[in-house]
Amino acid sequence: MIQPEQEQAIVRSIIGGQKEQFALLVKEYQQIVANLCYKLAGNKLDTDEVTQQVFVELYISLPRFRFESKLSTFIYRITINVISKLLTKSSHYVSYDSVILENRPSGPTEEERIIREEQHNKLRKAIGKLKYEQRTAIVLYTYDNFSYSDIADVMQVSLSKVESLIFRAKKNLRKLMEEPSGNKR
Amino acid sequence: MTEQKPFDNDIREAIQALECPHKVDVTDNVMKSLDNLSIMVPKRRINTKRIAIAAAACLIVALGVQFTLLLTHDFNSTAVNSMMAELYEQKNQYYTEAENYEQAIGLDYLWSD
């Protein structure tokens, strides 16, 4: 894992012309970008292609990075913008594959675990039906190290807008969860 | 609020479980794409909007100054007066010359009572 000071040195050297150093950043962040892409776009977009595009955009935009925020914040911002542009061309609604077994929800009994898993799948379907801005806000909200102001920084919106987006996302999720399963949008 | 927490946890768990189903390695592809790209340190951008606002402000100030001068200008200034006097003198001179000419050619009777 690259330390923040090391990261700054790498960025400066890339801006200075050492292109090959960029591979270090790609290796460090590619899986994080791919995971965020999957959370936001599901099966709608090719994760590999989007990740590649994000890093090309990052390379072009790197001179604009001011070292005031974390590089990860800058990368998240580019990822969100790239996905937003790609999703606008089609519909913003997305869907996900069934979740892999290691991530199954925990529960005291097998039956309860199955019920929770079903509920989580329904919740994920509902998340896919949210508007892109709301989905982005709620996804970033579930990142453990992200505060509301971090989300505002990544999304380049005001703090109150983030609060409103998360509130509306939760409200819509609740509404979608109450709908019968067969009722598709 | 008591209902809110479990729902929040459900959302958190459901989203956290969403991870890219495969391991991504795009390093080579990205580095190949960069071969044709060169990093560009951005030049100081010209803010056209600011320039337009400044130009509009200058124009308004200039018009304001002109309008104020127009309202407060003293048209009986010495320069204008002397110019008018000169023109008047020139006019009189032309009249005198014309009269002399008429007398010379004998046309002055036309004007006499």
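Everything numeric here is computed off the predicted structure, so don't read it as measured data. Residue positions within a chain follow its written sequence, with the count starting from 1. Chain A is the first chain written and ligand 1 is the first ligand written, with later ones labelled in order. Given that this is a predicted model, residues contribute local features only at a pLDDT of at least 70 and side-chain atom pairs are listed and counted only at 80 or more, while totals for whole chains, interfaces and linings are drawn from all residues. Heavy atoms from the whole structure form the basis of all side-chain values; hydrogens and water molecules are not counted.

Draft legend 1. Geometry of the overall build of chain A. When its secondary structure is counted, chain A shows eight helices and zero strands. Only protein chains enter the accessibility calculation, which uses a 1.4 Å probe; a residue is then buried when its area is under 20% of its type maximum, exposed when over 50%, and partly exposed in between. Across the 185 residues that make up chain A, the buried fraction comes to 46%. Taking all contacts inside chain A whose residues are at least 6 apart in sequence as the whole, residues at least 24 apart take part in 66%. Helix and strand definitions here come from DSSP, where helices need a minimum of 4 consecutive H or I residues and strands a minimum of 2 consecutive E residues; each element is numbered from the N-terminal end. Contacts are assigned to residue pairs with any non-hydrogen atoms lying within 4.5 Å of each other.

Draft legend 2. Expanded view of helix 3 (residues 48–72) of chain B. Here helix 3 of chain B is 25 residues long and its end C-alpha atoms lie 36 Å apart, about the 36 Å a rise of 1.5 Å per residue gives. Of all 25 residues that make up helix 3 of chain B, zero are buried, and the element is exposed over most of its length. To estimate how far a helix should reach, multiply one less than its number of residues by 1.5 Å.

Draft legend 3. Quick look at helix 3 (residues 47–61) of chain A. In this model helix 3 of chain A runs 21 Å from its N-terminal to its C-terminal C-alpha over 15 residues, within 8% of the 21 Å that 1.5 Å per residue would give. Every buried residue of helix 3 of chain A is accounted for by A:Thr47, A:Val50, A:Thr51, A:Val54, A:Phe55, A:Val56, A:Leu58, A:Tyr59 and A:Ser61. Against the buried residues of helix 3 of chain A lie helix 1 (4–15), helix 2 (22–41) and helix 4 (71–88) of chain A together with helix 2 (27–34) of chain B.

Draft legend 4. Molecular detail of the interface of chain B and chain A. Contacts between chain B and chain A engage 34 residues on the former and 45 residues on the latter. By convention, the term buried area covers the 1.4 Å-probe accessible surface removed from two parts as they join, with the contributions of both added. Here chain B and chain A share an interface that buries about 3800 Å² over both sides, 63% of which is from carbon and sulfur atoms. One speaks of a salt bridge when a side-chain nitrogen belonging to Lys or Arg is within 4 Å of a carboxyl oxygen belonging to Asp or Glu. Linking chain B with chain A are three salt bridges, by the criterion used here. With its nearest N and O atoms 3.2 Å apart, the salt bridge here joins A:Arg116 to B:Asp10.

Draft legend 5. Spatial organisation of unusual backbone geometry. Residues and elements named next belong to chain A. Unusually for a residue other than glycine, phenylalanine 67 sits at a positive phi of about 65°. Mapped onto the secondary structure, phenylalanine 67 falls in the loop between helix 3 and helix 4. Non-glycine residue glutamine 156 carries a positive phi angle of around 55°. Of note, glutamine 156 is situated in the loop between helix 7 (148–155) and helix 8 (159–178).

Draft legend 6. Looking closely at the pattern of salt bridges. The final tally for this structure, using the stated rule, is five salt bridges over all chains. Among the salt bridges present, the one from A:Arg77 reaches A:Asp153, with a minimum N-O distance of 3.2 Å. With a gap of 76 residues between them, A:Arg77 in helix 4 and A:Asp153 in helix 7 connect regions that are remote in the sequence. Relative accessible area serves as the criterion here: at 15%, A:Arg77 is assigned to the buried category. For A:Lys161, the salt bridge identified is with A:Glu133, shortest N-O distance 3.5 Å. With A:Lys161 in helix 8 and A:Glu133 in helix 6 (residues 132–141), this residue pair connects regions lying 28 residues apart in the sequence. Its relative accessible area of 30% is what places A:Lys161 among the partly exposed residues. For A:Glu133, a relative accessible area of 35% translates into the label partly exposed. What emerges from the salt-bridge pattern is a single network uniting A:Arg116, B:Asp10 and B:Glu13.

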